[in-house]
Amino acid sequence: MEKSEQEREEEQGGENRMKLIDEVIKDENRIGIIGDGAEVTWAPVILIEGKEKNIGTEELVLINNLNGNKILAVCRRGYGRNPGLSKERYSPGRAYARVGELPSPSRESFDFDLSVIGEITGDGIRQNKLIIAPRSEVYMFKDKNPFELMNVDMQYEIGYYKDHKEWKVPALVEYIPYHIGVFCTTGWGKTSLVRHKIIPLLTKAGYSVLIFDWKGDDYVPEKMNMPVYVFKADEISEEISEILLKEVNEEGKYEKFAEELLKNMDYIGYTPDSGVVKAFKRAIKKALEECLKNKKKNGEELKECLANKAPNLLQEYTNYRLDDNKKLLKNYINDENKSSFDKVLKHIKGDSDELVKVEDIIESIKEKGKIGVVDLSGREKDEKLKIFLNIAKFLRYKMDVRKEKIGVALIIDEAPQYCPHSPKGLENDTTNIISDLCALGRSYELPVVLISQGMSGEIGINAAVRRNINTWFIGKIHPLDREEAKKLLPRVDLDFLQSLDVGHFYFFGNMSPSPVPLLIRFEIVERSE
């Protein structure tokens, strides 16, 4: 039976990979021998004399395993050893050093710990299951690209490997919806990585992109290498999405308005799910229905009507501290900004508005590859969070109720502002909805990219949100994140991690072609006019 074109291509690819291995396993590329104590996923390599000058940490190497397979691995922690200089006992070597003479190098050796990426086969890289035999020879790649051994699509790249600009590191784009985290200290390149590598990767993979720019200066058009649509915070409507309102009956609309007003009034100082808050909501809902029977001209009239009616209706739904709560409710309504009541009237009257609505933002970027930036600068924190919540609720509705594929990647810069370690007030709502978007996004093509200086604890993001991240980019970390980095980056030297140069990131997780972290770099591509 004649082979298909795809089968012939796969066969040719396998032959090319085996040929590449043969070209690497040569004497001039040999750097060392596997030492004692090797395992399936880890092995020590003893470097041949002089090779310590040619091979450094994080270099990729090939192990010709005497147990019968070829293995791709990465050099992690390095050691220089000389028993004659041991601090545990006095020796002639230490005596030489004490008088300023160079001790003998005859017993000196240099080692690296190797972290196994996988077994090399004609079909690509797969999990290694054989113990790595001591005495197995280890080779460096020099001018050969080890990523060509992986049998993955090289058109989707996320940067280059370490110091090898020609070694492009591929990304597995089918795992983009499983969400991405980018972490490093201030000024070490996380925003540049997102601008110049992650966003182009997302658009090339067919996603539109919506960026929430907390400061309003990280994703402006002049800093991007592609066209963007900017939506200023003061041009975005904070109203409930028209589409969400059309899906509910009249009674449901009033309930939503009552809920929004209560949120704006911080639930009158109670916890949102308490019984008394439910009573407040029912009283406000009924007061809205009564007030809006007589058409009000503006938000001030509606506010005055609610302040008079809602407290008196409260007794129908609760007796708890009734007099105190009636006063509280009246005071909160009187203190609430008139604009909150204007918005309710606009929805009821169906007035046209020059402000950009949520559905308009999503509609304007829905074409594949388009990029929108929500510029949140110039607003108070709670106002920024409300804009985010309104957009997030609309997206959640489209996925959870309408079962629609979204095709938009959300990029949330300064993520701890939205989902901090210990959320308070509106942060509880934004944290919960980000978790919801992540849970739904895997099925409905809405990947979330979270960008933060810290990973966990007081400087990081909420643990419930962090658990949704399946692809990680970690640059130079804050000292408070050492323990978290130790869990995420086993066998990586934490001191080396904390001294990484600007623009260096460990890339690992679902989108990586390697089961162990890879050290990547990237070049900034300037936008041509």
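Just so you know, these numbers come straight off a predicted model, no measurement behind them.

K.L.:
Explain the overall build of the protein here, please?
P.N.:
Counting secondary structure elements, the protein contains 15 helices and 18 strands. Here the protein has a C-alpha radius of gyration of 30 Å; the compact-globule value for 529 residues is 24 Å, and the former is much larger. For the protein, with 529 residues in total, the buried portion stands at 50%. If you sum the accessible surface of the protein, you get close to 25600 Å²; carbon and sulfur atoms cover 45% of it. Of the side-chain charges in the protein, 80 are positive and 89 negative, and the distance between the mean point of each set is 3 Å.

K.L.:
What is the right way to read the packing of helix H10 (residues 358–365) against helix H11 (residues 381–400) from this model?
P.N.:
If you want to describe how two helices pack, look at the angle between their axes and the distance between the axes. Relative orientation of the contacting elements H10 and H11 amounts to 65°, with a least axis distance of 9 Å. The orientation of H10 with respect to H11, classified from their angle, is roughly perpendicular. Note on packing geometry: the crossing formed by H10 with H11 is right-handed. Residues Val358, Glu359, Ile361 and Ile362 of H10 touch H11, and the partners they reach there are Asn390, Ile391, Phe394 and Leu395. For the contact of H10 with H11, the residue count by class is 6 nonpolar, 1 polar and 1 charged.

K.L.:
Would you mind showing me how to read the sheet that holds strand E11 (residues 208–213) here?
P.N.:
Strands pair in a sheet through their backbones, by hydrogen bonds, and they do so in one of two ways: parallel or antiparallel. Here 11 strands make up an open sheet; going across it, the order is E9-E8-E18-E17-E16-E10-E15-E14-E11-E13-E12 and the pairing mixed. Across the chains shown, the open sheet's two edge strands, defined by having one partner strand only, are strand E9 (164–170) and strand E12 (229–232). Neighbour-to-neighbour, the strand axes of the sheet open up by a mean angle of 30°, direction not taken into account. Bridging between strand E14 (residues 408–412) and strand E15 (residues 448–452) involves 3 bridges; their strand directions are parallel. Bridged to leucine 410 within E15 is valine 448. Packing against the sheet, H10 makes contact with E11, E12, strand E13 (371–375) and E14, and its axis sits at approximately 135° to E11. Across the sheet, H11 lies against E11, E13 and E14, angled at about 155° from E11, the strand it touches most.

K.L.:
Just checking my understanding: could you explain the pattern of salt bridges for this structure?
P.N.:
Between side chains of opposite charge, pairing is possible as soon as their charged atoms come close. Enumeration over the complete set of coordinates arrives at 29 salt bridges. Put simply, glutamate 59 and lysine 162 hold a salt bridge, and the shortest N to O gap is 3.0 Å. Within this pair, whereas glutamate 59 is found in the loop between strand E2 (42–47) and strand E3 (60–64), its partner lysine 162 is found in the loop between strand E8 (157–161) and E9, the two being separated by 103 residues in sequence. In terms of burial, glutamate 59 and lysine 162 fall into one category: buried.

K.L.:
Would you mind showing me how to read unusual backbone geometry here?
P.N.:
It is generally the case that most residues other than glycine have a negative phi and that most peptide bonds are trans. The backbone of tyrosine 267 sits at a positive phi, close to 55°, despite the residue not being glycine. Mapping tyrosine 267 onto the fold places it in the loop between helix H5 (250–264) and helix H6 (275–291). Here glutamate 414, not a glycine, exhibits a phi torsion of approximately 55°, which is positive. Here glutamate 414 shows up in the loop between E14 and helix H12 (426–444).

K.L.:
What exactly am I supposed to notice about H11 here?
P.N.:
Each α-helix winds once per 3.6 residues, and so residues spaced three or four apart point in a common direction. Here H11 is 20 residues long and its end C-alpha atoms lie 27 Å apart, about the 28 Å a rise of 1.5 Å per residue gives. Across the 20 residues of H11, 14 count as buried, placing the element largely inside the fold.

K.L.:
Help me understand the state of the cysteines in this model?
P.N.:
Such a bond, covalent and formed between the sulfur atoms of two cysteines, is termed a disulfide. The full count for this structure, using the stated rule, is 1 disulfide. Covalently, cysteine 291 is tied to cysteine 305 through a disulfide, its sulfur atoms 2.1 Å apart. Judged by the sign of its S-S torsion, about -95°, the cystine formed by cysteine 291 and cysteine 305 is left-handed. Residue cysteine 291 is located in helix H6, and its partner cysteine 305 is located in helix H7 (residues 299–313); the two are separated by 14 residues in the primary sequence. Residues cysteine 291 and cysteine 305 agree in their burial class; the two are buried. Looking at the unpaired cysteine 184, the closest cysteine sulfur is the one in cysteine 419, lying at 17 Å.

K.L.:
Before we go on, may I ask you to explain H12 in this structure?
P.N.:
Compared with the 27 Å implied by 1.5 Å per residue over 19 residues, the 26 Å span of H12 between its first and last C-alpha is a close match. Restricting attention to buried positions, one finds in H12 the residues Leu426, Glu427, Thr430, Thr431, Ile433, Ile434, Ser435, Leu437, Cys438, Leu440, Gly441 and Tyr444. Summarising the contacts, the buried residues of H12 are in contact with H11, E14, E15 and helix H13 (463–466). Remark: glutamate 445 follows H12 within two positions and exhibits a positive phi of approximately 55°.

K.L.:
Any chance you could explain the packing of aromatic side chains here in plain terms?
P.N.:
Between two aromatic rings, the relevant description is the distance of the centres plus the angle of the planes. On inspection of all chains with the given rule, the structure shows 11 aromatic pairs. The interplanar angle of 55° and the centroid separation of 5.8 Å between the aromatic rings of phenylalanine 147 and tyrosine 161 together place this pair among those described as tilted. One end of the pair, phenylalanine 147, is in the loop between strand E7 (137–140) and E8; the other, tyrosine 161, is in strand E8, and 14 residues separate them in sequence. With a centroid separation of 4.9 Å and an interplanar angle of 75°, the aromatic rings of phenylalanine 212 and phenylalanine 388 are classed as edge-to-face. With phenylalanine 212 in strand E11 and phenylalanine 388 in helix H11, the pair connects residues that are 176 residues apart, well separated along the chain. A relative accessible area of 0% places phenylalanine 388 in the buried class. Every member of this aromatic cluster is reached through a ring pair, and the members are Phe141, Phe147, Tyr161 and Trp167.

K.L.:
Just checking my understanding: could you explain the nonpolar core for this structure?
P.N.:
When a protein is soluble and globular, its nonpolar side chains tend to lie buried together. Judged by nonpolar contacts, the single largest core of 56 residues is most densely connected at Leu210, Phe212, Ile391, Tyr418, Ile474, Leu489 and Leu497. Ranked by residue count, the leading element in this core is H11, at 9 residues. Ignoring sequence-local partners within four residues, the contact set of leucine 489 consists of Ile474, Leu497, Tyr506, Phe508 and Pro517. Residues Leu201, Ala409, Ile451 and Leu518 belong to the second largest nonpolar core, which totals 52 residues.

K.L.:
Quick question: what am I supposed to make of the side chain of threonine 431 here?
P.N.:
Mapped onto the fold, threonine 431 is located in helix H12. Filtering out sequence-adjacent residues up to four positions away, threonine 431 remains in contact with Tyr418, Cys419, Pro420, Pro423, Asn462 and Val465.

K.L.:
How do you make sense of the environment of asparagine 82 when you look at a structure like this?
P.N.:
Positionally, asparagine 82 belongs in the loop between strand E4 (70–81) and helix H2 (92–98). Overall, the relative accessible area of 15% leaves asparagine 82 in the buried class. A C-alpha to C-alpha distance of 83 Å links asparagine 82 and leucine 306, two positions 224 residues apart in sequence. In this structure, asparagine 82 is in contact with Ser104, Arg107 and Glu108, ignoring residues within four places of it in sequence. Among the polar contacts made by the side chain of asparagine 82, one reaches the main-chain amide nitrogen of glycine 84 at a distance of 3.0 Å.

Reading guide: rules and limits
- Residues numbered from 1 in each chain as written.
- Predicted model: local features only at pLDDT ≥ 70, side-chain atom pairs only at ≥ 80, totals over all residues.
- Heavy atoms only, no water.
- Helix = DSSP H or I, 4+ residues; strand = E, 2+ residues; numbered from the N terminus.
- Rg over C-alpha atoms; globule rule 2.2 N^0.38 Å.
- Buried < 20%, exposed > 50% of the residue type's maximum accessible area, 1.4 Å probe, protein only.
- Areas by Shrake-Rupley, 256 points an atom, 1.4 Å probe, with all protein chains shown as cover.
- Lys, Arg positive; Asp, Glu negative; His and termini not counted.
- Charge placed at Lys NZ, Arg CZ, Asp CG, Glu CD.
- Axes fitted to C-alpha atoms, helices over the stretch in contact; angles between N-to-C directions.
- Parallel < 35°, antiparallel > 145°, perpendicular 65-115°, else oblique.
- Left-handed = near helix turned anticlockwise from the far one by under 90°.
- Contact = heavy atoms within 4.5 Å.
- Nonpolar A, V, L, I, M, F, W, Y, C, P; charged D, E, K, R; others polar.
- Pairing = 2+ DSSP bridges.
- Salt bridge = Lys/Arg side-chain N within 4 Å of Asp/Glu carboxyl O.
- Expected span 1.5 Å × (residues − 1).
- Disulfide = S-S within 2.5 Å.
- Phe/Tyr/Trp six-rings, centres within 6.5 Å; stacked < 30°, edge-to-face > 60°.
- Core = buried A, V, L, I, M, F, W, Y, C linked by side-chain atoms within 4.5 Å.
- Polar contact = N/O pair within 3.5 Å; in protein donor to acceptor, adjacent residues only side chain to side chain.

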